[in-house]
Amino acid sequence: MYGFCDEHCLAILQYLQQLPVDEKIDDTSSIDVGLASNPEFTSSEITTAHVGEFMANAAGQPETPGEPGDLPDPSLGKDLEVAVSEWILFSAGWVYFNAGKLESMITPSDVPSSVPIKLNTGSFCLVIPDLCKQYPGTDMQIDVLSTEAPQPSFTAQGLGLTAKGNLTAYVLPANGDPVPVFTLTIVAQFAGQASLTGMAIVGKVDLLSFDVQLAASSVGQFDAHGLSDAVNILLKDAVVPFANKALSKGFPIPAIPYVQISNPVLQWGQGFLLVGTDATYSPPSWAYQNEGTRLDQAASRWMKQQEREKLAIQD
């Protein structure tokens, strides 16, 4: 993170050193925004390096493999610039995958009435005739499960995301437990963009393409590509909203007390996203008295107020 520096540097640096190591995202994960090294500052700017890694709240989960790549120097000409590594998004996917959160069960009631394909064996008779013979007019449910952590990529064109998983279809007998009838393997490519909401970077993705193969079947062999229309609807109407809900939680940017940001600019690069904003530093007037102490107190008060507001939102 790169920021402007003036006579208030001492207070800002003192605040940054007091930042909590973990910022809770939800019940599954927190993000480590603590300082990775000592801040560097000159008469015109501060440069701080933050860990920026999603961590599991539950004990015993494996650590995220790999490490972030090099990040660029500031280049947007803004007061505040933040460089974000694609590795942050990978660490998020790794945590949620290992926590078993990248799974979605879709039932007939979840399918909007406007969707032409219904979760009933009657919708699949042309492609899977044996399914209709064994289970005529029977409702179905679909389990979509990631088989590995999603792989993000940041390029000059924006966000790319590769997801691999299994789609298992079940029939729902009127008097009995769900019965698995076939499983498809899916490799899907998504493309997305990011925006700045408050002090958080949020994302949104759309389906770009996918490949589907038959992995197992108890209702005879069939060409999985014959289900492409159904899979396309499923991914767009179920998986994409699921992903976008997760991305809407955002990645918090370490905030500086009494700094107001405006006019954000986002620039994608190979392996990173650069966010720049204009910034105005406006501490309360009393903070200028006995500056070295008062500004530190102002930062502390601001931090406590932010924590109170966060707890109020959670409640």
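As a starting point, this report considers the structure included with it. (Residues numbered from 1 in each chain as written. Predicted model: local features only at pLDDT ≥ 70, side-chain atom pairs only at ≥ 80, totals over all residues. Heavy atoms only, no water.)

**Some remarks on the side chain of Asp32**
Definition in use: Helix and strand labels come from DSSP, where a helix needs a run of H or I of at least four residues and a strand needs a run of E of at least two; each type is numbered from the N terminus. Should any heavy atoms of two residues lie within 4.5 Å, those residues are considered in contact.
Secondary-structure assignment places Asp32 in strand 3 (residues 29–32). Those residues in contact with Asp32, other than ones at most four positions away along the chain, are Val21, Asp22, Val51, Gly52, Glu53 and Met55.

**Here's the deal with the pairing of strand 3**
Each regular strand displays side chains that alternate between the two surfaces of the sheet. For clarity, the cut-off: Only protein chains enter the calculation, and the probe is 1.4 Å; a residue is then buried if its accessible area is under 20% of its type maximum, exposed if over 50%, and partly exposed in between. By the convention used here, strands pair only if DSSP detects at least 2 bridges between them.
Side chains of strand 3 alternate between two faces, with Ser29 and Ile31 and Ser30 and Asp32 buried alike. With three bridges connecting them, strand 2 (residues 22–24) and strand 3 associate as antiparallel partners. In the sheet register, Lys24 faces strand 3, and the bridge partner there is Ser30. As defined by bridge partners, strand 3 adjoins strand 6 (residues 53–56) across four bridges and the pair is classed as antiparallel. Looking across to strand 6, one finds that Ser29 is bridged to Ala56.

**Some remarks on the state of the cysteines**
Here is the rule we go by: Note on terminology: pairs of cysteine sulfur atoms within 2.5 Å are recorded as disulfides.
Evaluated as defined, the whole model comprises one disulfide. Between the sulfur of Cys125 and that of Cys132 lies a disulfide, 2.0 Å long from S to S. One quick way to see it: the torsion about the S-S bond of Cys125 and Cys132 is about -100 degrees, and its sign makes the bridge left-handed.

**Observations concerning the pairing of strand 16 (residues 272–281)**
Taken across its 10 residues, strand 16 has eight buried, putting it largely inside the fold. Note that strand 7 (residues 80–85) and strand 16 share six bridges and pair antiparallel. Each bridged residue has a counterpart across the sheet, and for Leu80 the counterpart in strand 16 is Thr277. Relative to strand 16, strand 15 (residues 259–269) runs antiparallel, the two sharing nine bridges.

**Digging into helix 4 (residues 228–247)**
Basically, it comes down to this: In this analysis the local bend is the angle between axes fitted, respectively, to the seven residues ending at and the seven residues starting at the residue.
Its axis deflected by about 35 degrees at Leu235, helix 4 carries its strongest bend there. When helix 4 is considered as a whole, its buried residues turn out to be Ala230, Val231, Leu234, Leu235, Ala238, Val240, Asn244 and Leu247. Tucked into the core, helix 4 has its buried residues touching helix 2 (86–98), strand 8 (103–106), strand 9 (140–146), strand 11 (158–171), strand 12 (179–197) and strand 13 (200–217).

**Observations regarding the packing of aromatic side chains**
Which entries qualify depends on this criterion: Within 6.5 Å between ring centres, the rings of Phe, Tyr and Trp (the latter by its six-membered ring) count as paired, and their orientation is classed by plane angle as stacked under 30 degrees, edge-to-face over 60, tilted in between.
Per the counting criterion, the structure on display carries three aromatic pairs. Look at Phe90 and Trp94: their rings are 6.2 Å apart centre to centre, the planes differ by 40 degrees, and that puts the pair in the tilted class. Taken as a pair, Phe90 and Trp94 lie in helix 2 at a separation of four residues, close to a single helical turn. The two residues Phe90 and Trp94 agree in class, both being buried.

**What about the environment of Ala92?**
The topology assignment puts Ala92 in helix 2. The spacing of Ala92 and Met55 is 37 residues in sequence and 7.7 Å in space, taken between C-alpha atoms.

**Considering the sheet that holds strand 3**
By way of backbone hydrogen bonds, the strands of a sheet pair with one another, either parallel or antiparallel. Condition: Between the N-to-C directions of two axes lies an angle of 0 to 180 degrees, each axis being a line fitted to C-alpha atoms and, for a helix, fitted only over the stretch in contact.
Taken in spatial order, the three strands of this open sheet run 2-3-6, and their pairing is antiparallel. Each edge of the sheet is formed by a strand with only one pairing partner; in this case those strands are strand 2 and strand 6. Here the average twist between neighbouring strands, direction ignored, is 35 degrees. Running over the sheet, helix 2 touches strand 3 and strand 6 and is turned about 10 degrees from strand 6.

**Some remarks on helix 2**
Selection criterion: In this scheme, a helix's expected span is set at 1.5 Å multiplied by one less than its residue total.
With 13 residues, helix 2 ought to run about 18 Å at 1.5 Å a step, and its terminal C-alpha atoms sit 19 Å apart, in line with that. In terms of residue burial, helix 2 counts as a mostly covered element, since 10 of its 13 residues are buried. The set of residues buried in helix 2 consists of Trp87, Ile88, Leu89, Phe90, Ser91, Ala92, Gly93, Trp94, Val95 and Tyr96. Phi turns positive one or two residues past the end of helix 2, at Gly100, with a value near 75 degrees.

**What about unusual backbone geometry?**
Phi is mostly negative for residues that are not glycine, and the peptide bonds are mostly trans. Although it is not a glycine, Asn263 adopts a positive phi angle of roughly 55 degrees. Assignment of secondary structure puts Asn263 in strand 15.

**Describing the environment of Gly269**
Among the structural elements, Gly269 can be located in strand 15. Here the alpha-carbon distance between Gly269 and Ala83, two residues 186 residues apart in the chain, equals 9.9 Å. In contact with Gly269, not counting residues within four places along its chain, are Phe154, Thr155 and Ala156.

**Description of the pattern of salt bridges**
Put simply, the rule reads: For this analysis, a salt bridge means a side-chain nitrogen from Lys or Arg found within 4 Å of a carboxyl oxygen belonging to Asp or Glu.
Taken as a whole and judged by the stated rule, the model has three salt bridges. In this structure, Lys78 engages Asp278 in a salt bridge whose closest nitrogen and oxygen atoms are separated by 3.3 Å. Here the residue Lys78 occupies a position in the loop between strand 6 and strand 7, and Asp278 occupies one in strand 16, the gap between them amounting to 200 residues.

**Some details on the nonpolar core**
Which entries qualify depends on this criterion: Definition of nonpolar core: a set of buried residues of the types Ala, Val, Leu, Ile, Met, Phe, Trp, Tyr and Cys, connected through side-chain atoms within 4.5 Å.
In this structure, Leu131, Phe182 and Leu184 are the most contacted members of the largest nonpolar core, which totals 53 residues. Elements that contribute at least two residues to this core include exactly strand 7, helix 2, strand 9, strand 11, strand 12, strand 13, helix 4 and strand 16. Excluding its chain neighbours within four sequence positions, the residues that come into contact with Leu131 are Thr121, Phe124, Pro136, Met140, Val171, Val181, Phe182 and Val219. Leu80, Val259, Ala279 and Tyr281 belong to the second largest nonpolar core, which has five residues in total.

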